[in-house]
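Now for the letters of each chain:
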Amino acid sequence: MLKLHTIICSTRPGRVGPSVARWFHDFAVRHGKFDARLIDLAEFALPVYDEPHHPRTQKYEHAHTRAWAASVAAADAYVFVTPEYNYGPPPSFVNALNYVYKEWNYKPCGFVSYGGVSGGMRAVQLEKQLVTTLKMMPMVEGVAVPMVAQQLDEAGNFRSNELIDDSAQTMLDELFKWATALQPMRDGA
Ligand SMILES: Cc1cc2nc3c(=O)[nH]c(=O)nc-3n(C[C@H](O)[C@H](O)[C@H](O)COP(=O)(O)O)c2cc1C
């Protein structure tokens, strides 16, 4: 089965990212077409980019980079669960993207974004530009969650609705098509 990594991109204390990501990961498991795994960027504790060589060389000097590279390499597709900070991507996500290069290549990605009224969509537009430089293929279809605080119950669990579920289903269907179509390119890389 193709491997899907759902990545929690926010790393700050008190973040809501894990609630949204746990919901999406469970949805992806039920979707059934991927071997789905949940990845928490915070667990890698990446400092601001600190490798001396260009990531393309894969000459990683630090254990945190090797751990992150191994995780990124293991997936065939990604879903980035991302908030919007000041109309842009969270710096934790940009930093994590920069750390490796070839490990991202020829893999499709989708976005589950959340925030206030924008549903994080302004961040996603910028994130799409960044991922294409890493030779990822961003999905047109996406999941946007406006007013995310209203979607959390008293225990902090994310509560979806029909519109959000439909978006998730459509995005995963599309992601599966691309992940399958790009397999020969990943094999040849
Ligand atoms: C530094 C910072 C900037 C923010 N900027 C935006 C923004 O531009 N648009 C938005 O919808 N929400 C913004 N917010 C509110 C976030 O949507 C909200 O805090 C959300 O919980 C962040 O995700 P996280 O808790 O997973 O980190 C911002 C929050 C922070 C901490």
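Remember, it's a predicted structure, so these values are computed and weren't measured experimentally.

Q: Could you clarify how one ought to interpret the overall build of the chain in this entry?
A: When helices and strands are tallied, the chain shows 6 helices and 6 strands. Starting at the N terminus and ending at the C terminus, the chain contains elements arranged as β-α-β-α-β-α-β-α-β-β-α-α. Since a compact globule built from 189 residues should have a radius of gyration of about 16 Å, the 16 Å found for the chain is in line with a globular shape. The dimensions of the chain, computed from C-alpha atoms along their principal axes, are 45 × 35 × 25 Å. Taken across its 189 residues, the chain has 50% of its residues classed as buried. Contacts spanning at least 24 positions in sequence make up 80% of the contacts within the chain whose residues lie at least 6 apart. Surface summary for the chain: the accessible area is close to 9,000 Å², and the carbon and sulfur share equals 55%. One way to put it: in the chain the 18 positive side-chain charges average out to a point 6 Å from where the 20 negative ones average out.

Q: Any chance you could explain the packing of aromatic side chains here in plain terms?
A: For any pair of aromatic rings, geometry is given as the distance between the ring centres together with the angle between the planes. Taken as a whole and judged by the stated rule, the model has 12 aromatic pairs. Look at Trp23 and Phe27: their rings are 5.8 Å apart centre to centre, the planes differ by 55 degrees, and that puts the pair in the tilted class. Residue Trp23 and its partner Phe27 are both found in helix α1 (residues 17-31); the two are separated by 4 residues, about one turn of the helix. On the basis of an interplanar angle of 70 degrees and a centroid distance of 5.0 Å, the ring pair of Phe44 and Trp68 is categorised as edge-to-face. Residue Phe44 is found in the loop between β2 (35-40) and α2 (63-73), and its partner Trp68 is found in helix α2; the two are separated by 24 residues along the sequence. Under the relative-accessibility criterion, Trp68 is labelled buried at 1%. Here the aromatic residues Phe44, Trp68, Tyr78, Phe80, Phe93, Trp104 and Phe111 are joined through ring pairs into a cluster of three or more. A cation over an aromatic ring shows up here: Arg56 above the ring of Tyr101, its NZ or CZ 4.6 Å from the ring centre. In this structure, Arg122 is placed above the aromatic ring of Tyr87, and the distance from its NZ or CZ to the ring centre is 3.6 Å.

Q: Quick question: what am I supposed to make of the pairing of strand β1 (residues 3-8) here?
A: Note on strand geometry: in a regular strand, side chains alternate between the two faces of the sheet. Summarising burial for β1: 5 of the 6 residues are buried, a large majority. Two elements, β1 and β2, share 6 bridges in a ladder whose sense is parallel. Residue pairing across strands places Ile7 opposite Ile39, the latter belonging to β2. This β-α-β element, β1 to α1 to β2, shows right-handed connectivity. Judged from the 5 bridges that link them, β1 and strand β3 (residues 77-83) form a sheet pairing that is parallel. Note that in β3 the partner of Ile8 across the bridge is Val81.

Q: So what exactly am I meant to see when it comes to the nonpolar core here?
A: Most often, soluble globular proteins keep nonpolar side chains buried together rather than apart. Ranked by size, the top nonpolar core spans 27 residues in total, and within it Leu4, Trp23, Phe24, Phe34, Val79, Val112 and Val143 carry the most contacts. Look past the residues within four positions of Phe24 in its chain and what remains in contact with it is Thr6, Val79, Val112, Ala168, Met171 and Leu172.

Q: Help me understand helix α5 (residues 162-181) in this model?
A: In an α-helix, one full turn covers 3.6 residues, which means residues spaced three or four apart are oriented alike. Relative to the 28 Å expected for 20 residues at 1.5 Å per residue, α5 spans 29 Å between its end C-alpha atoms, a close match to the ideal helical length. Buried positions along α5 lie against β1, α1, β3, β4 (107-114), β6 (143-145) and α6 (183-188). Regarding α5, its N-cap is Asn161, as a side-chain oxygen of that residue lies 3.1 Å from the backbone nitrogen of Leu163 further along.

Q: Before we go on, may I ask you to explain the site of the ligand in this structure?
A: Lining the immediate surroundings of the ligand are 15 residues, of which Ser10, Arg12, Tyr85, Tyr114 and Gly116 lie closest. Within the side chain of Ser10, one N or O atom sits 2.7 Å away from an oxygen atom of the ligand. Contacts to the ligand include Glu84, whose side-chain N or O atom sits 2.9 Å from a nitrogen atom. When the free accessible area of the ligand is taken as 610 Å², the share hidden by the protein chains comes to 71%.

Conventions adopted
Residues numbered from 1 in each chain as written. Predicted model: local features only at pLDDT ≥ 70, side-chain atom pairs only at ≥ 80, totals over all residues. Heavy atoms only, no water. Helix = DSSP H or I, 4+ residues; strand = E, 2+ residues; numbered from the N terminus. Rg over C-alpha atoms; globule rule 2.2 N^0.38 Å. Buried < 20%, exposed > 50% of the residue type's maximum accessible area, 1.4 Å probe, protein only. Contact = heavy atoms within 4.5 Å. Areas by Shrake-Rupley, 256 points an atom, 1.4 Å probe, with all protein chains shown as cover. Lys, Arg positive; Asp, Glu negative; His and termini not counted. Charge placed at Lys NZ, Arg CZ, Asp CG, Glu CD. Phe/Tyr/Trp six-rings, centres within 6.5 Å; stacked < 30°, edge-to-face > 60°. Lys NZ or Arg CZ within 6 Å of the ring centre and 35° of its normal. Pairing = 2+ DSSP bridges. Right-handed = clockwise from strand over helix to strand, strands pointing away. Core = buried A, V, L, I, M, F, W, Y, C linked by side-chain atoms within 4.5 Å. Expected span 1.5 Å × (residues − 1). Polar contact = N/O pair within 3.5 Å; in protein donor to acceptor, adjacent residues only side chain to side chain. Near = heavy atom within 4 Å.

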